[in-house]
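A closer look at the structure
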Amino acid sequence: MSFHYVYVLRSTSYPSRHYIGITEDLKARLIKHNKGDVPHTRKSTPWEIKNAIAFTDSTKAREFEKYLKSHSGRAWAKKHF
């Protein structure tokens with residue numbers, strides 16, 4: 001069984017900056033973010049994992065990531081995370 005992680009990162013340099021993503025390998029993905037290999041997060045390194053939720057269903061993981069990136073999803077995450 002493999003997991004699909006929906007994660008929220010927080011920049012340690014700019015704590016008000018967050019990034020939402022999805023991956024199957026959370027440790028490797030964080031390393032990529034912190035090495036500057038991800039264009040959207042390159043300018044705000046280093047990053048730390050604020051939250052991560054594991055899904056066994058890749059479709060549900062993608063839907064949740066999409067929701068968190070929406071206006072209402074960001075408001076929900078701010079309240080609950």
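In what follows, the structure referred to is the one given above.
Here's a quick rundown of the structure. (Residues numbered from 1 in each chain as written. Predicted model: local features only at pLDDT ≥ 70, side-chain atom pairs only at ≥ 80, totals over all residues. Heavy atoms only, no water.)

1. Let's talk about the sheet that holds strand β3 (residues 47-55)
- With antiparallel pairing, three strands are arranged side by side in an open sheet as β2-β1-β3. Only two strands of the sheet have a single neighbouring strand rather than two, namely β2 (18-23) and β3. Ignoring which end each strand starts from, the neighbouring axes of this sheet average 20° apart.
- Bridging between strand β1 (residues 4-11) and β3 involves eight bridges; their strand directions are antiparallel. From the neighbouring strand, Tyr 5 faces β3, where its bridge partner is Ala 54. (Pairing = 2+ DSSP bridges. Helix = DSSP H or I, 4+ residues; strand = E, 2+ residues; numbered from the N terminus. Axes fitted to C-alpha atoms, helices over the stretch in contact; angles between N-to-C directions.)

2. Thoughts on the environment of Asp 37
- Tracing the backbone through its elements, the reader meets Asp 37 in the loop between α1 (26-35) and β3.
- When its relative accessible area of 44% is taken as the criterion, Asp 37 is described as partly exposed.
- Discounting chain neighbours no more than four positions away, the residues touching Asp 37 are Lys 32 and Arg 42. (Buried < 20%, exposed > 50% of the residue type's maximum accessible area, 1.4 Å probe, protein only. Contact = heavy atoms within 4.5 Å.)

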